[in-house]
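Listed below are the residues making up each chain.
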Amino acid sequence: MERGVRWRRGFSAWLCMGRLREEIVTVCCSDIAGQLRGKGFPFQDLPSRLRFGVGWTPTNIMINCLGSIPASPFGSRGDLMLVPSRGGEITIDCGEGQPVERLILGDIFTMRGEPWECCLRGFLKRALDDLEAETGLRMLVSFEHEFHIDNATQRPGDCYAVVKLRGLESFIGDVLGCLRANGLAPDTFLPEYGPRQFEVTVDPALGLAAADQAVKLREICRSVGRQHGHHISFSPVVTRGIVGNGVHIHFSLINKDGRPAGYEAGAPGNLSAVGAAFAAGILRHARALCAITAPSVVSYERLKPHTWSAAYANLADRDREAMVRICPFPEMEGVDVAKRFNLEYRAADATASPYLQLAMIVRAGLAGIRARLPVPVITNGDPGDLSAEERERQGIADLPRSLTEALAALEADTEAMGWMGPVLSEAYLMHKRGEISMTEGTDMDELCRIYARAY
Ligand code: GLU
Ligand code: MG
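All chains use their own residue numbering, which begins from 1 and follows the written sequence. Written order decides the labels, with chains lettered from A and ligands numbered from 1. Selection of residues for local features in this predicted model requires a pLDDT of at least 70, selection of side-chain atom pairs for listing and counting requires 80 or more, and totals for whole chains, interfaces and linings are taken over all residues. Water and hydrogen atoms play no part in the side-chain values, which are based on all heavy atoms of the structure.

Turning next to the overall build of the protein chain. The numbering of helices and of strands both runs from the N terminus, where a helix is a DSSP run of H or I of at least 4 residues and a strand a run of E of at least 2. Helices and strands together make up the secondary structure of the protein chain, namely 15 helices and 17 strands. C-alpha atoms define the radius of gyration, and 2.2 Å times the number of residues to the power 0.38 defines the globule rule. Compactness check: the protein chain gives a C-alpha radius of gyration of 23 Å against a globular reference of 23 Å for 455 residues, within 12% of the reference. Taking the principal axes of the C-alpha coordinates as reference, the protein chain spans close to 95 × 55 × 55 Å. A simple rule labels every residue: compare its accessible area, found with a 1.4 Å probe on the protein chains alone, to the largest value its type can have, and call it buried under 20%, exposed over 50%, or partly exposed in between. Relative to its 455 residues, the protein chain shows a buried fraction of 54%. Sequence separation of 24 or more characterises 70% of the internal contacts of the protein chain that already satisfy a separation of 6 or more. Computed with a 1.4 Å probe, the accessible areas rest on the Shrake-Rupley method; for each residue, only the protein chains presented here act as cover. Accessible surface, the protein chain as shown: approximately 20,300 Å² in total, 52% of it carbon and sulfur. When charges are counted, neither His nor the chain ends are considered; positive counts come from Lys and Arg and negative counts from Asp and Glu. Each charge is placed at NZ for Lys, CZ for Arg, CG for Asp and CD for Glu. Separation of charge centres in the protein chain, based on 50 positive and 56 negative side chains, amounts to 7 Å. Contacts: residue pairs with any heavy atoms within 4.5 Å of one another.

Next comes the structure, spelled out in structure tokens:
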């Protein structure tokens, strides 16, 4: 009798299991490794977690994409709070009985409630605030992403071919639906040039929101991909020697009232004085910027001449070999060109945090405005076709050819190091050099395979 009662109780609890399932929400941050890490809690506790979030540790930012912490300036000491941010919600719900995934992007604070100096989202906020305070300018930004689907079908000659989309309709539909449900406005989804390579673009948003959107987009693609049985990789080079995956950061300067500020019809490159100075600032710090925007050993397998990525510190008009490209606009009657005018930073990939990438671009552009830099040389044709002497004569610098070279350029650029501040710059160099030391001795083909899985 006793026994039977106990059995029935246990059995009825077991029967209720379905109803006992709780939803988890994970508060997370995009870190130096460009990975999203965080901690979860019951969804019903979200209101009470909005103030103090979850506990976080400074050394977490030193975890590299290979899952190791070769060195850390913080050691085992210290505590922080990772707090959900307003507008940071990501809900991935593909319906049809699939579980709902809930994430929320967070900001990192010290235990005294001050922004932590190595919180990358906070670092971007300060850069955008400084730009606005000093110049009255804001930025409209859109991150354009290329990626691979590992098990997409591949047949010879399928570059931009519609055949590449067949069989992927439900995956693409769910990606577009989830983007829209999360406040991103899908612009295009296309079968890119490379084998199994695709691209997705979204409408621009204000600086911080655009970086949030880049983080959201990557996770949405990965998560929806997993639900459809695909592994998605944003790694800059999935197969060595084959066209890479870029992140192209489109931006335009606007005044506080939303009026475009970067365009001046008829000026060189149609750039206004601030637009030209901003671009010149980027080129002046180009080599240091690469350490942040293309921050992996495999990034430099992509940034090679004649690959439509970026290999030189140059500005060009409607040319995809440029580091900074002046984008096209319809030249027809009645088009508000100023509104459409934008620049594209092409030396970036998805092994970096979008917050850090955009923050350093903003800092470099602001430095250019402060120094009132004149319009840079607008190159004509592929700089890789010029001799080294000719490039030097035109003032076109080589971009770094390896991460080691890029980190040395960052360290040598005292102004760029100053933007990051002593703690973040030291942590960054230590993190990335530790990652390099772990990759030494592994051949590049194998590294491409490892990074393809990590990103
Ligand atoms: N896949 C190229 C890159 O690595 C870009 C091609 C394009 O312009 O869309 O950046
Ligand atoms: Mg593309």
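Here we take up the site of ligand 1. Close to ligand 1 lie Glu-146, Glu-192, Glu-199, Val-243, Gly-244, Gly-246, His-248, Arg-302, Trp-308, Ser-309, Arg-320 and Arg-346. Pairs of N or O atoms within 3.5 Å make up the polar contacts considered here, provided that, within protein, one atom can donate a hydrogen while the other can accept it, and that residues adjacent in sequence are counted only when both atoms are side-chain atoms. A distance of 2.8 Å is found between an oxygen atom of ligand 1 and a side-chain nitrogen or oxygen belonging to Arg-346. Across the complex, the protein chains shield 94% of the 300 Å² of accessible surface that ligand 1 would expose by itself. Classification used: nonpolar for Ala, Val, Leu, Ile, Met, Phe, Trp, Tyr, Cys and Pro, charged for Asp, Glu, Lys and Arg, polar for all others including Gly. Residue composition of the shell around ligand 1, by class: 2 nonpolar, 4 polar and 6 charged. We define proximity as follows: a residue is near a molecule or strand when any one of its heavy atoms falls within 4 Å of that partner.

Note on placement: Met-139 falls in strand S6 (residues 137-149). A relative accessible area of 1% places Met-139 in the buried class.

A helix is expected to reach a length of 1.5 Å times the quantity of its residues less one. With 16 residues, helix H4 (residues 120-135) should cover 22 Å at 1.5 Å per step; its first-to-last C-alpha distance of 22 Å lies within 8% of that length. Residues of H4 that are buried include every one of Leu-120, Arg-121, Gly-122, Phe-123, Leu-124, Ala-127, Leu-128 and Leu-131, and no others. Remark: Gly-136 follows H4 within two positions and exhibits a positive phi of approximately 75°.

What follows is about the pairing of strand S7 (residues 186-191). Examined bridge by bridge, S7 and strand S8 (residues 197-202) share 5 bridges and lie antiparallel to one another. Pairing of Leu-190 across the sheet is with Glu-199, part of S8. A pair of strands counts as paired when DSSP detects no fewer than two bridges linking them.

Time to look at the coordination of the magnesium ion (ligand 2). For the magnesium ion (ligand 2), every protein donor is listed as Glu-146 (OE), Glu-192 (OE) and Glu-199 (OE), and the spread of their distances is 1.9 to 2.1 Å. For the magnesium ion (ligand 2), the single-chain donor residues occur in sequence as E-x45-E-x6-E. Separated by 53 residues along the polypeptide, Glu-146 in strand S6 and Glu-199 in strand S8 bring together distant segments of the chain. A relative accessible area of 9% places Glu-146 in the buried class. Residue class for Glu-199 comes out buried when judged on its relative accessible area of 7%. Donor selection uses N, O and S atoms within 2.8 Å of the metal (3.2 Å for Na, K and Ca). Since no water is included, sites may look incomplete.

Strand order across the open sheet formed by 5 strands is S2-S1-S5-S4-S3, with mixed pairing between neighbours. Across the chains shown, the open sheet's two edge strands, defined by having one partner strand only, are strand S2 (36-42) and strand S3 (54-56). Strand-to-strand twist in this sheet, taken as the mean axis angle between neighbours without regard to direction, amounts to 40°. Bridging between strand S1 (residues 24-30) and strand S5 (residues 101-110) involves 4 bridges; their strand directions are parallel. Here an axis means a line fitted to C-alpha atoms, over the contact stretch when the element is a helix, while the angle between two N-to-C directions is reported on a 0 to 180 degree scale.

Turning our eyes to something else, we now look at the pairing of S2. With 7 bridges joining them, S1 and S2 adopt antiparallel strand pairing. Looking at the pairing, Ile-24 lines up with Pro-42 of S2. Connecting S1 to the antiparallel partner S2 that follows it, the hairpin turn spans 5 residues, and Gly-34 within it adopts a positive phi of roughly 75°.

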